[in-house]
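# Residue-level structure breakdown
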Amino acid sequence: MTDMDAIYREYAQTVYHFLPSQTRDPDLAEELTQETFYQAIRSIHRFDGSCKLSVWLCQIAKHLWYQHLRKSRREGPLEEDTGVVPSAEEAVLGSSGQVELLKRVHALPESQREVVYLRSFGGLSFREIGDVLGRTEVWARVTFHRGREALRTGGNSHEK
């Protein structure tokens, strides 16, 4: 269990900082962060190393957030005017479909895919992305821009 303790210490803040950008509720973000690591322990055997561990954890967190939203919708109607404006990612997901978008992101070269996940789904700053991936803030910005352009045009942008 020591390895999961180390993973928690290293990535808990990354996961927690990702969630408020989705939930806009610090208490719910804390609850989902804890659930994320519980689910990670249960499914660590499925982590295949095709992405960074931080990205995988944020994917679990995002999945738990979506589960929470579906459960909330089943339990009762949401307020008509919550004052919450959908994020750009939510707007894209609504217009082009989540599965299609995720397929396109998954088809990106590895470095672009990781940066897009961390920025779009993780809500991390370019500086934080550079720190997580051991690169510079400028590299993160350029890589994100190339990935975004590849998503926009429907093709893969070259990886540098």
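Scroll up to find the structure this text is about.
Residues numbered from 1 in each chain as written. Predicted model: local features only at pLDDT ≥ 70, side-chain atom pairs only at ≥ 80, totals over all residues. Heavy atoms only, no water.

Bringing the packing of helix α6 (residues 110-121) against helix α7 (residues 126-133) into the picture now. Their axes nearest at 10 Å, the elements α6 and α7 cross at an angle of 135°. The angle between the axes of α6 and α7 places the two elements in the oblique class. In this structure, the crossing between α6 and α7 has a hand that is right-handed. Of the residues in α7, those in contact with E114, V115, L118 and R119 of α6 are F126, I129, V132 and L133. (Axes fitted to C-alpha atoms, helices over the stretch in contact; angles between N-to-C directions. Helix = DSSP H or I, 4+ residues; strand = E, 2+ residues; numbered from the N terminus. Parallel < 35°, antiparallel > 145°, perpendicular 65-115°, else oblique. Left-handed = near helix turned anticlockwise from the far one by under 90°. Contact = heavy atoms within 4.5 Å.)

To continue, consider the packing of aromatic side chains. Using the criterion set out here, one finds three aromatic pairs in the structure. Between Y8 and F37, the ring centres sit 4.8 Å apart and the planes meet at 75°, which makes this aromatic pair edge-to-face. Here Y8 is found in helix α1 (residues 2-23), whereas its partner F37 is found in helix α2 (residues 26-43), with 29 residues between them in sequence. Ring plane angle 50° and centroid distance 5.1 Å describe the contact between F47 and W56, whose orientation is recorded as tilted. Its relative accessible area of 24% is what places F47 among the partly exposed residues. Its guanidinium or amino end placed over the ring of F126, R119 lies 4.1 Å from that ring's centre, counting from NZ or CZ. (Phe/Tyr/Trp six-rings, centres within 6.5 Å; stacked < 30°, edge-to-face > 60°. Buried < 20%, exposed > 50% of the residue type's maximum accessible area, 1.4 Å probe, protein only. Lys NZ or Arg CZ within 6 Å of the ring centre and 35° of its normal.)

A few words on the environment of Q34. Among the structural elements, Q34 can be located in helix α2. In terms of polar contacts, Q34 uses its side chain to reach the side chain of E30, at 2.9 Å. (Polar contact = N/O pair within 3.5 Å; in protein donor to acceptor, adjacent residues only side chain to side chain.)

With that settled, the discussion passes to the nonpolar core. I7, L19, F37, W56, L57, V105 and I129 are the most contacted members of the largest nonpolar core, which totals 40 residues. Apart from residues no more than four positions distant in its own chain, I7 is found in contact with A12, F37, L53 and L57. (Core = buried A, V, L, I, M, F, W, Y, C linked by side-chain atoms within 4.5 Å.)

Scanning the entire structure with this criterion turns up two salt bridges. With its nearest N and O atoms 3.4 Å apart, the salt bridge here joins E137 to R127. Remark: R127 occurs in helix α7 and E137 occurs in helix α8 (residues 137-153); sequence separation between them is 10 residues. For R127, a relative accessible area of 55% puts it in the exposed group. The residue E137 makes a salt bridge to R141 at a minimum N-O spacing of 3.1 Å. (Salt bridge = Lys/Arg side-chain N within 4 Å of Asp/Glu carboxyl O.)

It is worth spelling out α6 at this point. Since the α-helix advances by 3.6 residues per turn, residues separated by three or four positions end up pointing in the same direction. A rise of 1.5 Å per residue sets the reference length of α6, with its 12 residues, at 16 Å; its end C-alpha atoms lie 16 Å apart and thus fit the reference within 8%. Every buried residue of α6 is listed here: S111, Q112, R113, E114, V115, V116, Y117, L118, S120 and F121. Phi for G123, located one or two positions after α6, is positive at around 65°. (Expected span 1.5 Å × (residues − 1).)

Bringing the environment of E30 into the picture now. Following the sequence through the fold, E30 ends up in helix α2. Spatially, the C-alpha atoms of E30 and P20 are 8.8 Å apart, while their sequence positions differ by 10 residues.

Below, the discussion takes up the state of the cysteines. All told, the structure shown has zero disulfides when counted by the stated rule. With no disulfide of its own, C58 has C51 as its nearest cysteine by sulfur position, at a separation of 9.8 Å. (Disulfide = S-S within 2.5 Å.)

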